[in-house]
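This is what each chain is made of:
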Amino acid sequence: DLNREEMEDKLGHIGKVGEEYGLNVLVAYSGDDEYVPEFVDKEQLVDKMCFAMNSQCSSSSVKVARPFMIPTGNHNLSKGEGDAERFVEAVGEMLSNLPKQSLQAEQ
């Protein structure tokens, strides 16, 4: 388990780069992931990861990384009813909000 400073050191660049290029990160996590021990507070972990990713953004109002919990989701979203669809919708929404310049640069 990484402490806050270690996590910011490992993940902080994501917010800086995302802000520079107008990109966002959806930090999706399944609440019922069978590969994660029961004692892990998954919501707290996702929040901690997002906080670390956003730590090098230019201001506290800028959020490149945002959490997305799927409480009933297992590891591959195959068990909870509607879990996969909610994930796809969230990714689609995030992609639809990308700046046009980011999309054109890829082509």
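**Some points on the pairing of strand E1 (residues 25-30)**
Now for step 1: The sheet contact formed by E1 and strand E2 (residues 65-70) spans six bridges and is parallel. The residue bridging Leu26 from the neighbouring strand is Arg66, located in E2.
Now for step 2: This β-α-β element, E1 to helix H3 (residues 42-54) to E2, shows right-handed connectivity.

**Observations regarding the nonpolar core**
Now for step 1: Grouped together as the largest cluster of nonpolar side chains are ten residues: Met7, Leu11, Val27, Tyr29, Val36, Val46, Cys50, Ala52, Met53 and Ala65.
Now for step 2: Secondary-structure elements contributing two or more residues to this core are helix H1 (4-11), E1 and H3.
Now for step 3: It is H3 that contributes the most residues to this core, four residues altogether.
Now for step 4: With sequence-adjacent residues up to four places away left out, Val36 is seen in contact with Tyr29 and Lys42.
Now for step 5: Leu26, Phe68, Ala90 and Met94 belong to the second largest nonpolar core, which has six residues in total.

**Some remarks on the side chain of Asn54**
Now for step 1: Within the fold, Asn54 resides in helix H3.
Now for step 2: What Asn54 contacts, discounting residues up to four positions off in sequence, is Val62, Lys63, Val64 and Ala65.

The rules behind each value
- Residues numbered from 1 in each chain as written.
- Predicted model: local features only at pLDDT ≥ 70, side-chain atom pairs only at ≥ 80, totals over all residues.
- Heavy atoms only, no water.
- Pairing = 2+ DSSP bridges.
- Helix = DSSP H or I, 4+ residues; strand = E, 2+ residues; numbered from the N terminus.
- Right-handed = clockwise from strand over helix to strand, strands pointing away.
- Core = buried A, V, L, I, M, F, W, Y, C linked by side-chain atoms within 4.5 Å.
- Buried < 20%, exposed > 50% of the residue type's maximum accessible area, 1.4 Å probe, protein only.
- Contact = heavy atoms within 4.5 Å.

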